[in-house]
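# Coordinates in review
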Amino acid sequence: FDLLGENFQVAFAGSPEEQAHLEAFFTLEHYAEMQAMVEAGDYDAAQEASAAVEDTLESMHDHIEEVSETVDTLTVEEVQQGDTAVQELVDLQATAFDLEEASEQVHTELLTHVEDGTLTEEQAADLFDPVHEDTVQVSVEIFEEEDEVAEVVAENSDVAELEVEFIAEQHEEEIGLHDQF
């Protein structure tokens with residue numbers, strides 16, 4: 001796990017949204033590593049991958065929290081034109097679904113090892129529960145941040161927050177996110 005290299009790349013990414021996207025990519029890689037280690041029965045290495053998932057998700061959570069701090073002048077007109085924090089947060093929602101799917105794949109593999117007796121339920125829980133909780137927390141934070149950004153944009157533009165949320169929903173439909181709900 002090249003966490004130092006990852007941290008370096010994240011530090012030089014531009015906005016908090018870009019940092020969160022990069023961290024999501026790294027988290028998916030760590031989940032794949034974790035699953036491979038569990039499949040191989042290397043539970044110590046799986047624990048290291050689990051710790052990498054946790055660390056990366058915690059950093060991603062922090063960067064998502066920062067998004068609303070960067071949109072103090074964003075207007076509904078800019079949101080309608082696209083490529084703003086609103087659209088980035090919607091894109092992160094889609095990525096959060098990918099993270100949850102990766103989490104579920106690891107969970108399924110862990111259950112297989114519990115059923116065949118190579119891993120206890122407690123060991124599986126120690127590997128899975130913290131990363132699953134962090135994955136869910138990131139998803140929740142994305143939704144909360146979307147609300148905060150919509151509120152700021154609505155205030156800046158003197159429009160109803162619902163108008164900004166409608167634009168976000170249009171982007172959700174464009175990228176197929178509604179199909180995942």
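Our structure is the block above this text.
Summarised in this report is the structure supplied together with it. Not measured: the values here are computed from a predicted model. (Residues numbered from 1 in each chain as written. Predicted model: local features only at pLDDT ≥ 70, side-chain atom pairs only at ≥ 80, totals over all residues. Heavy atoms only, no water.)

## Description of the overall build of the protein
Counting its regular elements, the protein contains eight helices and zero strands. From first element to last, N terminus to C terminus, the protein shows the α and β order α-α-α-α-α-α-α-α. In terms of overall dimensions, the protein has C-alpha extents of about 60 × 35 × 20 Å along its principal axes. With 181 residues in all, the protein has 45% of them scored as buried. Considering only intrachain contacts with a sequence separation of at least 6, the fraction spanning at least 24 residues in the protein is 75%. (Helix = DSSP H or I, 4+ residues; strand = E, 2+ residues; numbered from the N terminus. Buried < 20%, exposed > 50% of the residue type's maximum accessible area, 1.4 Å probe, protein only. Contact = heavy atoms within 4.5 Å.)

## Brief notes about the layout of surface pockets
Estimates place the volume of the largest pocket at around 180 Å³. For the largest pocket, the lining is made up of 13 residues, of which Glu146, Asp147, Glu165, Ala168 and Glu172 are closest to its centre. Partitioned by chemical class, the residues of the lining of the largest pocket number eight nonpolar, no polar and five charged. (1 Å grid on protein atoms, 1.4 Å probe; cavity = no way out; pocket = protein on both sides within 12 Å on 5 of 7 lines; lining within 4 Å. Points joined across faces, edges and corners; volume = space filled by probe spheres on them. Nonpolar A, V, L, I, M, F, W, Y, C, P; charged D, E, K, R; others polar.)

## Some details on helix α2 (residues 16-40)
Across its 25 residues, α2 extends 36 Å between first and last C-alpha, which sits within 8% of the 36 Å expected from 1.5 Å per residue. At the exit of α2 stands glycine 41, carrying a positive phi of roughly 80 degrees. (Expected span 1.5 Å × (residues − 1).)

## Quick word on the packing of helix α5 (residues 85-115) against helix α7 (residues 161-174)
As a packed pair, α5 and α7 sit with axes 9 Å apart at the nearest point and diverge in direction by 45 degrees. If you check the angle between α5 and α7, you find them oblique. Crossing of α5 over α7 shows right-handed handedness. The segment α5 lies against α7, with Val86, Gln87, Val90, Asp91 and Gln93 engaging Ile167, Ala168, His171 and Glu172. (Axes fitted to C-alpha atoms, helices over the stretch in contact; angles between N-to-C directions. Parallel < 35°, antiparallel > 145°, perpendicular 65-115°, else oblique. Left-handed = near helix turned anticlockwise from the far one by under 90°.)

## Remarks on the nonpolar core
Ranked by internal contacts, the top residues of the largest apolar core, which has 43 residues, are Tyr31, Met60, Ile64 and Leu110. For this core, the secondary-structure elements that each account for two or more residues are α2, α3 (43-66), α4 (76-81), α5, α6 (121-157) and α7. Broken down by element, this core gets its largest block of residues, 12 residues, from α5. Apart from the residues lying within four places of it in its own chain, the contact partners of leucine 110 are Val38, Leu119, Ala124, Leu127 and Phe128. (Core = buried A, V, L, I, M, F, W, Y, C linked by side-chain atoms within 4.5 Å.)

## Some thoughts on the packing of α3 against α5
Where α3 contacts α5, the two axes come as close as 14 Å, and the packing angle between them is 160 degrees. With respect to their mutual orientation, α3 and α5 come out roughly antiparallel. The handedness of the crossing between α3 and α5 is left-handed. For the pair α3 and α5, contact is made by Tyr43, Leu57, Met60 and Ile64 and by Leu89, Leu92, Leu99 and His113, respectively.

## Structural notes on the side chain of glutamine 87
Residue placement: glutamine 87 occurs in helix α5. Owing to a relative accessible area of 8%, glutamine 87 belongs among the buried residues under this scheme. Apart from residues lying up to four places away in sequence, glutamine 87 is in contact with Val79, Gly82, Ile167 and His171.

## Section: a negative patch on the surface
The grouping of Asp55, Glu58, Asp62, Glu65, Glu66, Glu69, Glu144, Asp147, Glu148, Glu151 and Glu155 at the surface amounts to a negative patch. Every element with two or more residues in the negative patch is listed here: α3 and α6. Relative to the helices and strands, glutamate 148 is located in helix α6. (Patch = residues over 30% accessible without salt bridge, like charges linked within 9 Å, V, L, I, M, F, W, Y side chains within 5 Å. Areas by Shrake-Rupley, 256 points an atom, 1.4 Å probe, with all protein chains shown as cover. Salt bridge = Lys/Arg side-chain N within 4 Å of Asp/Glu carboxyl O. Lys, Arg positive; Asp, Glu negative; His and termini not counted. Charge placed at Lys NZ, Arg CZ, Asp CG, Glu CD.)

## Here we look at the environment of alanine 124
By the secondary structure assignment, alanine 124 is in helix α6. With 122 residues separating them in the primary sequence, alanine 124 and aspartate 2 have C-alpha atoms 24 Å apart. With residues near it in sequence (within four places) discarded, alanine 124 still touches Leu110, Val114 and Leu119.

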